[in-house]
Every structure is written in structure tokens, then in C-alpha cells.
Amino acid sequence: TLEQRKNVIDGLEAKRLKTVHVLDYLTQEVVPERMWLTNLSLKGNSLQLSGIAVDNNTVADFMDNLETIPKMTKPNEKPGPLFQRVQLTSVQRQAVRSINMKKFQLTALEQQPPQAKKPAQKKKKKR
């Protein structure tokens, strides 16, 4: 029972740190003076972002920046990218103070750890 409680606490601690890690890197990856974020949702292995940017190139640069956020690792491990895929969900023109801007939505999916492959089971032939 004590081991189960410890595992639950460790899992909660890792989730708390992951959120702080993602927010820390997001503040560094926003293209300064060319965009801002309006909504952010981190649920499970999916990060959903909404924002406003000056142009499509700024959105593309931000997407490239998201792909460079490193995964949280233990001290002796080499970090890989946190997100395996960043997808543009939508982009549309929006006037902000009579200036044409780009309203965008992105989804970034977190890298999944490699899973051990199960041996393929042979199908039984009907006779």
C-alpha cells in the first residue's frame, strides 16, 4: 500500500513539473513582437494552442520552435524532442485594430516512449 501511494505521488509530481517545463519553454519560443497566445490547454499527451500572429511565416516559425522543446529527462539521459508532431489546426484572417492578422490554432502531440513489441500470434487455420 505504501509503495502504491508513493507511485501516485511520484506521478503527480512528474505531471506538475511537466506543466511548468512546457510553460517555461513556451515563453521562450513565442516569436517576440510578432505574435501572442490567447489560449493554452495541456491535457494528457496533447497541447492545444490558440493565438494571433502578424503573418503565416510567424506561425510557421513558432511551429518549428515548438518542435525543438526538449523532453524532461533524468540527469544522465540525452533529451529528445518533447513533441513528435505539431499540426496547424486552423488559420484565418482576423482584424485587430484594423490591421489584418492571422488567428491560428495548433495541436502538438507528445512523443510516446517506445513500447516493447508483442510477438505476433499465428492464426489458426480452419480445416
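None of the values given here were measured: they were computed from a predicted structure. (Residues numbered from 1 in each chain as written. Predicted model: local features only at pLDDT ≥ 70, side-chain atom pairs only at ≥ 80, totals over all residues. Heavy atoms only, no water.)

## Overview of the sheet that holds strand β2 (residues 46-53)
Within a beta sheet, neighbouring strands are joined by backbone hydrogen bonds and run either parallel or antiparallel to one another. Basically, it comes down to this: A pair of strands is treated as paired once DSSP finds two or more bridges between them. In this text, helices come from DSSP runs of H or I with a minimum length of four residues, and strands from runs of E with a minimum of two, each type numbered from the N-terminal end. Note on geometry: axes are C-alpha line fits, over the in-contact stretch for helices, and angles between N-to-C directions span 0 to 180 degrees. The contact definition used throughout considers only heavy atoms, calling two residues in contact when any of these lie within 4.5 Å.
With antiparallel pairing, four strands are arranged side by side in an open sheet as β1-β2-β4-β3. Either end of the sheet is taken by a strand with one partner, and the two such strands are β1 (35-43) and β3 (83-96). Ignoring which end each strand starts from, the neighbouring axes of this sheet average 15° apart. Sheet topology places β1 next to β2; eight bridges connect them, and they run antiparallel. Looking at the pairing, Lys 43 lines up with Ser 46 of β2. Running over the sheet, helix α2 (residues 56-66) touches β1, β2, β3 and β4 (99-110) and is turned about 155° from β3.

## Let's talk about α2
The condition that has to hold: Throughout this description, buried means an accessible area under 20% of the type-specific maximum (1.4 Å probe, protein chains only), exposed means over 50%, and partly exposed covers the range between. As used here, the arc belongs to the directions running from the helix axis to the C-beta atoms. N or O atoms within 3.5 Å of each other form a polar contact, as long as, within protein, one can give a hydrogen and the other can take it, and as long as residues adjacent in sequence are counted only when both atoms are side-chain atoms.
Of all the residues in α2, the buried ones are Thr 58, Val 59, Phe 62, Met 63 and Leu 66. One side of α2 holds all its buried residues, which, seen down the axis, span an arc of 140°. Measuring from the backbone nitrogen of Asn 57 back to the side-chain oxygen at the start of α2 gives 3.4 Å, which picks out Asp 55 as the cap.

## Observations regarding unusual backbone geometry
A positive phi angle is found at Glu 33, which is not glycine, with a value near 60°. One can find Glu 33 in the loop between α1 (2-29) and β1. With a phi close to 55°, Arg 97 is a non-glycine residue in the positive phi region. Relative to the elements of secondary structure, Arg 97 occurs in the loop between β3 and β4. Judged by relative accessible area, Arg 97 falls into the exposed class, the value being 79%.

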